[in-house]
Number of protein chains: 2
Amino acid sequence: MARVIELYDTTLRDGTQAENFNLSVDDKIKVCRQLDRIGIDFIEGGWPGSNPLAVEFFKQMQGVALKQARLAAFGSTRHFQKKPDQDANLQALLAAKTPAVTIFGKSWDIHVIDALRIELEDNLQIIEDSLAYLRPHVRHLIYDAEHFFDGFKNNREYCLATLGKAMAGGAETIVLCDTNGGTLPHEIPEIMERVLQYRAEQGSEVRIGIHSHNDSETAVANALMGVHCGADHIQGTINGFGERCGNANLTSIIPALIFKMGLECKVGKRIDQLYTTARMVNELANLPHNRYQPYVGESAFAHKGGIHVSAVQRNPMTYEHIAPEKVGNSRRVLISDQSGKSNVLMKAQKYGLDIEADDPLMTEIISQLKELENQGYQYEAAEASFELLMRRALGLHRDFFQLEAFRVMNHKYDLNKSPYTEATIRLYVDGSEVHTAAMGDGPVNALDRALRKALTRFYPSLEDMELTDYKVRVLTGEYGTGAKVRVLVESKDLEDSWGTVGVSVNIIEASWQALVDSINYKLMKDEKGRC
Amino acid sequence: MARVIELYDTTLRDGTQAENFNLSVDDKIKVCRQLDRIGIDFIEGGWPGSNPLAVEFFKQMQGVALKQARLAAFGSTRHFQKKPDQDANLQALLAAKTPAVTIFGKSWDIHVIDALRIELEDNLQIIEDSLAYLRPHVRHLIYDAEHFFDGFKNNREYCLATLGKAMAGGAETIVLCDTNGGTLPHEIPEIMERVLQYRAEQGSEVRIGIHSHNDSETAVANALMGVHCGADHIQGTINGFGERCGNANLTSIIPALIFKMGLECKVGKRIDQLYTTARMVNELANLPHNRYQPYVGESAFAHKGGIHVSAVQRNPMTYEHIAPEKVGNSRRVLISDQSGKSNVLMKAQKYGLDIEADDPLMTEIISQLKELENQGYQYEAAEASFELLMRRALGLHRDFFQLEAFRVMNHKYDLNKSPYTEATIRLYVDGSEVHTAAMGDGPVNALDRALRKALTRFYPSLEDMELTDYKVRVLTGEYGTGAKVRVLVESKDLEDSWGTVGVSVNIIEASWQALVDSINYKLMKDEKGRC
């Protein structure tokens, strides 16, 4: 039987200490439901003693039935001057009415002296009697040994004595925290060994956990090393959000436990929801996804080099450490300057286009692609443009309109105001001439508006489409404002999102190309849908 | 004496395999100079046998004198059917004329069979004789054992035999690669021990290195664990860029080696340049900085929680694993503007401006700065704009011209041609009206030309000035083409180069602000020079 590891999520408490990561009470409830759904054991909801929003959250959560997860309220040991039953922080913890309570105490002598400003002996006492006071009132009682690793390195005997008090106070789990994130994985085995030995000396069977921070970029490694050395409980956050550089990232820890270390945890059954969970948390916080994120990032199973692509097709194991579907992600083959025939064929298959490797059109598509890439086009983030290019080469493309001319004018006559911007556009749809004009925040915006004005009455579905991102990159830094630019546009409608690209020395022209591709792609997609 | 660790940077080769991370040949040369400046031992520049841009890069680098770093060209072992002296890849490596050459070979039997499709014995032969062929021609010869860790787990004896061939072929360093990034740190000690034992059995003293990928979010940990277990050479990239989830991040590895593991490397002397180096690479690639990045991120030493802030003020060690200044970063206290003031004072001193900390103008400058930063201005890469801002606030600024109006027009009337672009500008210099017009490759280029046409006869030194770079970044991805953009312009004259910034929803307006700042800075600088 594999060892079972308990997972404790602190996205809603330690996670929200991250700069720019904010969640409303409503968002937090949504995150809870999702964490419960996938099988996280404990969800730390907040610190009711220090944060009024946490109080509100715990109140609302009393009406939410969780199936698997147990909610935890977080706080500190009592104030030295207060008896437990008069300590506002401990009382707030009980008022949260959660099945689990976690309190942290000081393990590092320097902190006792410099932060708490009390005697070392007094700190031992408040740890034991805060826990002992809570014990009869809560189902699960967890003790976070703050700064455990720094404390251990500085004063091993005292640090272990604080754990002894937590055992005596009745903690069910004692969590070794690397609060400042300064510990490296090779330091962990010796420390863990001493902790387990101390636990035995105390005749205790308390569960040992680990809580790591990413200041050395080793939070995930430290957590896994902790488990390798005997910890049975891990604290972390979704996507690794947390104070400073973040907490241990559960989206990387969970698949390592299950697929690589042969351990068990409840999430095992729903691990294919990992990708969705990771994206949901970002979406709620309105933050972009980190494309390079292990396991759940967009690039995590993306293959660029031609050699890699053909090897992966023969045997995915050659360049993938796990199968992407296991965590709900998928393989992507990138179109890049290293693109060879095999990349293009895989794409054709994906688009449902019928073409064989030895078709002469294939050679033509590849040479066209190389020429465009030489000019600065890039299709990695612009697959819609790539699909249009292939359809054009295969004669499967329809022109939805014919441009006659456009004009964009920027006129600045007031120093303190942005220029006045106007675009006009003249085009034909099915033989009828359309001529429109529109203002905009800038030249591209004005052009976009004039173009939609012209087309929407012929193609009403354009109403559902919007541009969601616009990126400009100068391709060479050599010719000042005369350099080539590449424009990437991202668009979406009610069902999909897609990227298109344009390249020119003129930013208006490059933007125009990407805009037109985006609209053509949308219309082509709708037409396919109707067939 | 501390052990000396060799650092091998592959930002320019493996790094550029990252999705969205692209560098021009010029950018690559700038990165080289910076890596050389800080003391990186080896810089891998590219794969000349597979990439024409790499050939161009190595050609240009022959004119660049590096002080400390040695440039490396990268490639594979020879093709099985080709003799070394007829193998295009090996010949391209020699043609790159670099002091170091690195070739990779297969360690994992599955790859030999599924990717190379040759016999296991044949693979051993091409490893040895590719290296032996290169050996007399290059100063430093490095062997990358691709998929070493996977190979070891699958067929230990064969995998070690490939290393034996690399030793026999004359490699100076053998690098154990975790190509798929699937290895966890606790697996490393046993594997390293066996490798060192095998090396001894072979009577070899070859240096052992490690090259790790971040697919398990443990690349940094694996590299450090490798060093802990006896490796003396680390391969990685700046900011961890690399295929899929990235390579081992040197900006996290270097401070760990020096400050935490007591080891030595050349970068030790310039480690306070780490922050600048990390940002420079992002700027050149036009990618945003990762604020949560360990050591060099904006949030890495930012303190949000009230308890933490007061503890850090009493004793920084309480919540910081290292002192931020050591790597060129700084502490940020998110609720106070103290750090802002000291920064501004430092800048004033640098510009030769006379202002004291308690001057009421100081408060004004800081609040203006905060307001502008809120709007999206950023002065890190635009110090000229910042100096102008300070001079304006101190009443030390002269207006060299007054704009009345400008107009920029783009007119597209031929589908196959770029739009026709014209700018007109009307302004006053010392009471005389000047009205000019110019064509351009794009709207900003036309505006720049019309502006210079108007000013050069009054200020002939503008002839010596040119724009060298132009970067556009969209600040929010939420409003399509209506989003705010930040434009950074870099300019130079015969003596200096400087950066300026503009922000607006209108790209023409943002570019105009940066252009005008650049010209004002040039004229201000020339005037100072004449005093």
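Residues numbered from 1 in each chain as written. Chains lettered and ligands numbered in written order. Predicted model: local features only at pLDDT ≥ 70, side-chain atom pairs only at ≥ 80, totals over all residues. Heavy atoms only, no water.

The name an unreviewed UniProt entry gives chain A is Citramalate synthase, with Desulfobulbus propionicus as the organism. For the record of chain A, the UniProt heading Sequence similarities (unreviewed entry) holds the text "Belongs to the alpha-IPM synthase/homocitrate synthase family." Turning to chain A, the UniProt annotation filed under Pathway (unreviewed entry) states: "Amino-acid biosynthesis; L-isoleucine biosynthesis; 2-oxobutanoate from pyruvate: step 1/3." (UniProt positions renumbered as here; feature names shortened; annotations may be inferred.)

Domain boundaries assigned for chain A yield domain 1 (6-284), domain 2 (302-375) and domain 3 (402-530). Between the C-alpha centres of domain 2 of chain A and domain 3 of chain A the distance comes to 29 Å. (Domains from an automatic or database assignment.)

We now examine the packing of helix H4 (residues 109-116) of chain B against helix H5 (residues 120-134) of chain B. Residues and elements named next belong to chain B. Relative orientation of the contacting elements H4 and H5 amounts to 95°, with a least axis distance of 9 Å. The pairing of H4 with H5 is recorded here as roughly perpendicular in orientation. Between H4, through Asp109, Val112, Ile113 and Leu116, and H5, the contact on the second element is made entirely by Leu120, Asn123 and Ile126. Split into classes, the residues belonging to the contact of H4 with H5 amount to five nonpolar, one polar and one charged. (Axes fitted to C-alpha atoms, helices over the stretch in contact; angles between N-to-C directions. Helix = DSSP H or I, 4+ residues; strand = E, 2+ residues; numbered from the N terminus. Parallel < 35°, antiparallel > 145°, perpendicular 65-115°, else oblique. Contact = heavy atoms within 4.5 Å. Nonpolar A, V, L, I, M, F, W, Y, C, P; charged D, E, K, R; others polar.)

With 114 residues of chain B at the contact, the number on the chain A side is 117 residues. Carbon and sulfur atoms supply 53% of the area that chain B and chain A bury against each other, a total of about 9,600 Å² over both sides. Across the contact surface, chain B and chain A share five salt bridges. Two residues, glutamate 19 of chain B and arginine 332 of chain A, come together in a salt bridge whose shortest N-O distance is 2.7 Å. Scanning the region where chain B abuts chain A turns up 42 residue pairs in polar contact (both at pLDDT 80 or more). Of the residues forming the side of chain B that touches chain A, the biggest block, ten residues, is contributed by strand E11 (residues 402-412) of chain B. (Buried area = accessible area lost by both parts, 1.4 Å probe. Salt bridge = Lys/Arg side-chain N within 4 Å of Asp/Glu carboxyl O. Polar contact = N/O pair within 3.5 Å; in protein donor to acceptor, adjacent residues only side chain to side chain.)

Residue and element names in this part refer to chain A. Packing of helix H13 (residues 341-351) against helix H14 (residues 360-375) brings their axes to within 11 Å, and their N-to-C directions diverge by 110°. Of the possible angle classes, the one that applies to H13 and H14 is roughly perpendicular. Residues Lys341, Val344 and Leu345 of H13 touch H14, and the partners they reach there are Met362, Ile365, Ile366 and Leu369. Classifying every residue of the contact of H13 with H14 by side-chain character gives six nonpolar, no polar and one charged.

Our focus in this paragraph is the nonpolar core. Among the nonpolar cores identified, the biggest contains 183 residues, and Leu257 of chain A together with Leu257 of chain B are the most heavily contacted of them. Other than its neighbours up to four places away in sequence, leucine 257 of chain B contacts Ile5, Leu7, Leu224, Val227, Ile234, Gly262, Leu263 and Cys265 of chain B. Formed by 86 residues, the second largest nonpolar core is a distinct cluster that contains Leu403, Ala510 and Ile519 of chain A together with Val434 of chain B. (Core = buried A, V, L, I, M, F, W, Y, C linked by side-chain atoms within 4.5 Å. Buried < 20%, exposed > 50% of the residue type's maximum accessible area, 1.4 Å probe, protein only.)

The next subject is helix H1 (residues 25-38) of chain B. Taking 1.5 Å of rise per residue, 14 residues should cover 20 Å, and H1 of chain B covers 20 Å from first to last C-alpha, within 8% of that figure. Among the 14 residues in H1 of chain B, ten count as buried, and that is most of the element. Of all the residues in H1 of chain B, the buried ones are Val25, Asp27, Lys28, Ile29, Val31, Cys32, Gln34, Leu35, Asp36 and Ile38 of chain B. Contacts from the buried residues of H1 of chain B go to strand E14 (466-474) of chain A together with strand E1 (6-9), strand E2 (42-46), helix H2 (52-61), strand E3 (70-76) and helix H11 (274-285) of chain B. Looking one or two residues beyond H1 of chain B, the residue adopting positive phi is glycine 39 of chain B, at roughly 105°. (Expected span 1.5 Å × (residues − 1).)

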